[in-house]
Amino acid sequence: MPHRKEFEQTLVLIKPDALKNSLTGYVLSQLSEFHTGLRFAGSKIVYVGQMLAEEHYAEHRGKVFFPSLLEYIMGQLHYPDEPWKRRVIALVYQGVDAVKKIRNICGPTNPHIAREKNPGCIRALGTLVPLKDAAGNIIGERMDNLIHASATNEDAEREIKLWFAPTDIPPFMRAYPTEINQAHYYFKDGSLLLRHEPESMCLLAPGDIAWKTDIDTLRSLEKGSETVGSLGSVAAKYLMNTEKE
Ligand code: GTP
Ligand code: MG
């Protein structure tokens, strides 16, 4: 299926600043099928925990803005005293040139550049916030740019599998191979378990439909061999909205 142009998919996140500023309706209308020719394949409202945030932005680990990027996507910056309002809206869009079409409507990463280069794009409505160290010196800036969209087809696959289980997507809209899981997989304190222990959370049980790559990763972790993905990249999704993440 993924080789068919009309099945191309991309992940969109409506970030906490967009929710706080009531821009959800605006973003959705910009991305509507009428404007983009793309269809919804999945949607969910997610409380973003540390593991999911770190996995999503893994490519930025180690950069100076990484900690503030995690706080941003986790909603801590926009809802410091109201944790119950911390969430993002995650969406999968499907259709011809889904990645490119949505990136174009989002515009450049930096909202100031977005306003200059592409007025009218979604990120032109974003803001830059100074980042300070403990002594109050400005050490950089935070980019509150309202929306995330996958940059490439490879990123889209990794990100969609990170945020969505196959059963969050209608069967005929799934772009990546799935498999029926055969084993019990549990998670506790950052480790994979094959049997239930008190306080462990079930990731997958026999008979569950999962992304093939998730099952490959769990099997490799079980055997202690080289893995395609990390345990976090699999666990974050199954622990989503559980409070245990
Ligand atoms: P996303 O759709 O959110 O992934 O943005 P992007 O693909 O346009 O940019 P990228 O993946 O490079 O960066 C991810 C996020 O990190 C951005 O949305 C910004 O919030 C933040 N970011 C990226 N580069 C910088 C930077 O140089 N400085 C700061 N402060 N933040 C950055
Ligand atoms: Mg990116």
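Residues numbered from 1 in each chain as written. Chains lettered and ligands numbered in written order. Predicted model: local features only at pLDDT ≥ 70, side-chain atom pairs only at ≥ 80, totals over all residues. Heavy atoms only, no water.

### Observations regarding a nonpolar patch on the surface
Just so we agree on the cut-off: Patch membership is restricted to residues that have no salt bridge and whose relative accessible area is over 30%. Joining uses 9 Å for like charges and 5 Å for the nonpolar side chains Val, Leu, Ile, Met, Phe, Trp and Tyr. All accessible-area figures derive from a Shrake-Rupley calculation using a 1.4 Å probe, and residue coverage is judged against the displayed protein chains alone. A side-chain nitrogen of Lys or Arg and a carboxyl oxygen of Asp or Glu constitute a salt bridge if their distance falls within 4 Å. Where helices and strands are cited, they refer to DSSP runs of H or I of at least four residues and of E of at least two residues respectively, numbered from the N terminus. Residue burial is assigned from relative accessible area. The probe radius is 1.4 Å, only protein chains are included, and a residue is buried under 20% of its type maximum, exposed over 50%, and partly exposed in between.
Among the surface-exposed residues, Val64, Phe65 and Ile139 lie close enough to one another that they form a single nonpolar patch of about 260 Å² accessible area. Relative to the helices and strands, isoleucine 139 is located in strand 5 (residues 138-144). Here isoleucine 139 falls in the partly exposed class, since its relative accessible area comes to 44%.

### Here we look at the site of ligand 1
Convention followed: In these notes, residues near a molecule or strand are those with any non-hydrogen atom within 4 Å of it. Two N or O atoms form a polar contact when they lie within 3.5 Å of each other; inside protein one atom must be a possible hydrogen donor and the other a possible acceptor, and for residues adjacent in sequence the pair counts only when both atoms belong to side chains. Amino acid classes used here: Ala, Val, Leu, Ile, Met, Phe, Trp, Tyr, Cys and Pro are nonpolar; Asp, Glu, Lys and Arg are charged; the rest, including Gly, are polar.
Neighbouring residues of ligand 1: 15 residues in total, closest Arg103, Thr109, Glu141, Asn145 and His148. The contact in question runs from an oxygen atom of ligand 1 to an N or O atom on the backbone of methionine 143, over 3.1 Å. Here asparagine 145 contributes a side-chain N or O atom positioned 2.8 Å from an oxygen atom of ligand 1. For ligand 1, whose unbound accessible area comes to 590 Å², protein coverage reaches 80%. Only strand 5 and strand 6 (147-149) provide two or more residues apiece to the shell around ligand 1. With three residues, the top contributor of residues to the shell around ligand 1 is strand 5. When its residues are assigned to classes, the shell around ligand 1 shows five nonpolar, four polar and six charged.

Bear in mind that shape data such as this cannot, by itself, settle questions of function.
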